[in-house]
Amino acid sequence: MRFRHPDGSTVHLAYCTNVHPAETLDGVLAQLRDHCEPVRRRLGRDRLGIGLWLAKDAAHALVTDPSALRRLRTELDRRGLEVVTLNGFPYEGFGAEEVKYRVYKPDWADPERLDHTTALARVLAGLLPDDVTDGTISTLPLAWRTAYDDERANTARTALRTLAERLDAIEELTGRSIRVGLEPEPGCVVETTRDAIAPIIAIGHDRIGICVDTCHLATSFEDPHAAFDALTEARVPVVKSQLSAALHAEHPHLPEVREALAAFAEPRFLHQTRTATAAGLRATDDLDEALTGHALPDASPWRAHFHVPLHAAPAAPLTSTLPVLRSALTWLVGGPAPLTRHLEVETYTWQALPPESRPKNRTQLAEGIAAELTLARDLLTDLGLKELP
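Residues numbered from 1 in each chain as written. Predicted model: local features only at pLDDT ≥ 70, side-chain atom pairs only at ≥ 80, totals over all residues. Heavy atoms only, no water.

Student: How do you make sense of the packing of aromatic side chains when you look at a structure like this?
Tutor: Here the distance between the centres and the angle between the planes together describe a pair of aromatic rings. Under the defined criterion, the tally for this structure stands at 8 aromatic pairs. Taken together, the ring pairs connect Trp53, Phe94, Phe269 and Tyr348 into an aromatic cluster. Positioned over the ring face of Phe221 is Arg303, at 4.4 Å from the centre of the ring. (Phe/Tyr/Trp six-rings, centres within 6.5 Å; stacked < 30°, edge-to-face > 60°. Lys NZ or Arg CZ within 6 Å of the ring centre and 35° of its normal.)

Student: I'm lost on the packing of helix H3 (residues 66–78) against helix H4 (residues 111–127) in this one. Help?
Tutor: When two helices pack together, their arrangement is given by the angle between the helix axes and the distance between those axes. In contact at an axis separation of 10 Å, H3 and H4 are set at 50° when each is read in the N-to-C sense. In terms of axis orientation, H3 runs oblique to H4. Handedness of the H3/H4 crossing: right-handed. On H4, the residues that touch Leu69, Leu72, Arg73 and Leu76 of H3 are Val123, Gly126 and Leu127. Residue composition of the contact of H3 with H4, grouped by class: 5 nonpolar, 1 polar and 1 charged. (Axes fitted to C-alpha atoms, helices over the stretch in contact; angles between N-to-C directions. Helix = DSSP H or I, 4+ residues; strand = E, 2+ residues; numbered from the N terminus. Parallel < 35°, antiparallel > 145°, perpendicular 65-115°, else oblique. Left-handed = near helix turned anticlockwise from the far one by under 90°. Contact = heavy atoms within 4.5 Å. Nonpolar A, V, L, I, M, F, W, Y, C, P; charged D, E, K, R; others polar.)

Student: Looking at this model, I keep getting lost on the sheet that holds strand S13 (residues 318–320). Mind explaining?
Tutor: Where strands meet in a sheet, backbone hydrogen bonds hold them as pairs that are either parallel or antiparallel. Strand order across the open sheet formed by 5 strands is S11-S10-S12-S9-S13, with antiparallel pairing between neighbours. Every interior strand has two partners, whereas the edge strands, strand S11 (280–284) and S13, have only one. Pairs of neighbouring strands in the sheet enclose a mean axial angle of 30°, with direction left out of account. Two elements, strand S10 (residues 273–277) and strand S12 (residues 302–308), share 3 bridges in a ladder whose sense is antiparallel. Within S12, the residue paired with Thr275 across the bridge is Trp302. (Pairing = 2+ DSSP bridges.)

Below is the structure:
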């Protein structure tokens, strides 16, 4: 979906396909048929943007076989889909029964991460629509915080500088400009937007910026105003933003709130949980840890890294951090010029929701994704952007 910003530029809105498990190119092509095109039709649009997730094997097939890339491009065009951004965070196995800490491997100190992201950039340059010259990729925020020492930090910085040089070469060769954004996430080396500033400045290349995920922003109790002011002052580019909402519990000391939260503690993904105290942010790596004993103070609200559907807040006594998303979007695209032109709805946890809230079939999933995109569209038009055909 495309929108005209009051400054005349085009803002792209997509939804991320990491909600649909696929490890191979054939799996990706099936996604387009079974999920993406039905969402587009449900929205009544001739064209729909998707934030494509390509696992290692799919990316390798596309970058080594020009006919495979042409096949994907043809399928996108045939089904009324377009790609301007990729989700490069998960490497493989994101549809596994247990993902948890595996999603942070390989990290930016491992050569596989550089190779994979380079492949994604080359693929994206070949997938961009004919009238679009700029593409973006989100990636993990360096590494999970443990086992990350000075030596690995130096290796990661070197890898990202090498990536930036390769992105320069891609533009020289293709005329397509690709940028990569580190995506701050709770528990990682770069946990907050402020944590991202120093590493990005140290890399020293405008090809490398930040991807702001509004669920992660909210989980860490970051104030959007302060976050974007700091990024702007430091001249750190917001490469893209993922529009998502976290799980919020206002009164976590109450038994009924604990019971409601427990329904979201599931075995597939990590749900890092945070609370803001007078002494600073307190944290656990997962929601079930927070619910065990006194691992997390419960005198103040809790937020958990659980991407809840934008249009459907959890039932009381829980809610979502949609107000944080609204505030962030005001700063991202509500000013005289957008801070980013690539927005991506990223609710990958549909099948991790409590059983009564999960979609029962493809049709219900398509309805849910379409409803999220409709809400995001309304937020953008409320800010003065005009939806384009």
